[in-house]
Amino acid sequence: MESKNPVFSRQAKGQQQGWGVPTPTPDQLQGMYNTPSYAPPAQRTMTIDDVVVRGFITLGTLVVSAAVAWVLNLGMVAAIAGVIVGLILALVISFKSSTNPVLILGYSVAYGVAVGVISHVYNDLYSGIVFQAVVGTALAFAAMLTVYSLRIIRVTPKFTKFVVAAALGLMGLALINLVAGFFIEDGIGIRSGGVLAYVFSIAAILIGCFFLLLDFDEVERGVRNGAPEKYSWLMAFGLTVTLVWIYLEILRLLSYFSSSD
């Protein structure tokens, strides 16, 4: 049935005949064809410089918080709290592969407090030991960077499995020693300053150095594969964790030598 509204009738008729919808010219069609489709802006990929800068920020934050804890002499309660908070943040970052700088710098602050308090205690017992441990850690880092750069040790899947398995074994022994300490004095002896303690600390330092090789390899693969720039935070976190591990183990090993003098 036709509409009795003449305006509506003309609009409907015009739509049927294509009125008001101009046909594109050949030039316009070619221009539409040549126009590139929309693409989101490319995300900047990670570089070595990004990792270096984030590494300095992450490690620098830890050092500053450690210095503050040292100067204020916060005590072992603060150190224990720092270890707990730092461990929780480290687990969250590791399992979620988080690149959130707030979480990563939060770890640096928390663990920095613990490192500062522990270093202060050791330095009170053995004057100058902290400086020696810092130098030892720096030398270990430089040595492993050289070893990796010259490909003296190649990071292969087999090597990675060995390092991870060895680290898990060390942590298992440390846990056994902690539990045994509730029932036996000095536990199983890996932290008592005896021969086993020397062997355990040296093994822990070596495993920490091997983890540096894994960290370097991860950075190189990330750059080569075009990982997003934000992942430089995660790489910096891994390097910081490893360096703290090496530093604390060197500090403990040096204390064995100092106490035997």
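Just above sits the structure.
Residues numbered from 1 in each chain as written. Predicted model: local features only at pLDDT ≥ 70, side-chain atom pairs only at ≥ 80, totals over all residues. Heavy atoms only, no water.

A. Structural detail: the overall build of the protein. Secondary structure assignment for the protein yields nine helices and zero strands. Taken from N to C terminus, the helices and strands of the protein fall in the order α-α-α-α-α-α-α-α-α. Split into buried and exposed, the 261 residues of the protein put 35% on the buried side. In the protein, once contacts between residues fewer than 6 apart in sequence are set aside, the share between residues at least 24 apart is 82%. A total of about 16,200 Å² of accessible surface is found on the protein, and carbon and sulfur atoms cover 69% of it. (Helix = DSSP H or I, 4+ residues; strand = E, 2+ residues; numbered from the N terminus. Buried < 20%, exposed > 50% of the residue type's maximum accessible area, 1.4 Å probe, protein only. Contact = heavy atoms within 4.5 Å. Areas by Shrake-Rupley, 256 points an atom, 1.4 Å probe, with all protein chains shown as cover.)

B. Layout of a nonpolar patch on the surface. Taken together, the side chains of M76, I80, I84, I88, V92, V121 and L125 define a hydrophobic patch exposed on the protein surface, amounting to about 620 Å² of accessible area. Going through the elements one at a time, α4 (76-96) and α5 (101-125) are the ones with two or more residues in the nonpolar patch. It is α4 that provides the largest number of residues to the nonpolar patch, a total of five residues. Within the secondary structure layout, M76 lies in helix α4. (Patch = residues over 30% accessible without salt bridge, like charges linked within 9 Å, V, L, I, M, F, W, Y side chains within 5 Å. Salt bridge = Lys/Arg side-chain N within 4 Å of Asp/Glu carboxyl O.)

C. Seen up close, the pattern of salt bridges. Applying the stated criterion across every chain yields a total of seven salt bridges. Among the salt bridges present, the one from E220 reaches R151, with a minimum N-O distance of 2.9 Å. With E220 in helix α8 (residues 195-224) and R151 in the loop between α6 (129-149) and α7 (157-180), this residue pair connects regions lying 69 residues apart in the sequence. For R151, a relative accessible area of 30% gives the class partly exposed. Where R221 meets D217, a salt bridge forms, and the shortest distance between an N and an O atom there is 2.9 Å. Taken together, the residues R221 and D217, both in helix α8 and four residues apart, mark about one turn of the helix. A relative accessible area of 13% places D217 in the buried class. Counted as one network, the salt bridges with shared partners bring together R44, D50, R54 and E229.

D. Examining the environment of V164 more closely. Relative to the elements of secondary structure, V164 occurs in helix α7. For V164, a relative accessible area of 36% puts it in the partly exposed group.

Such coordinate-based values are descriptive only and should not be taken to indicate function.
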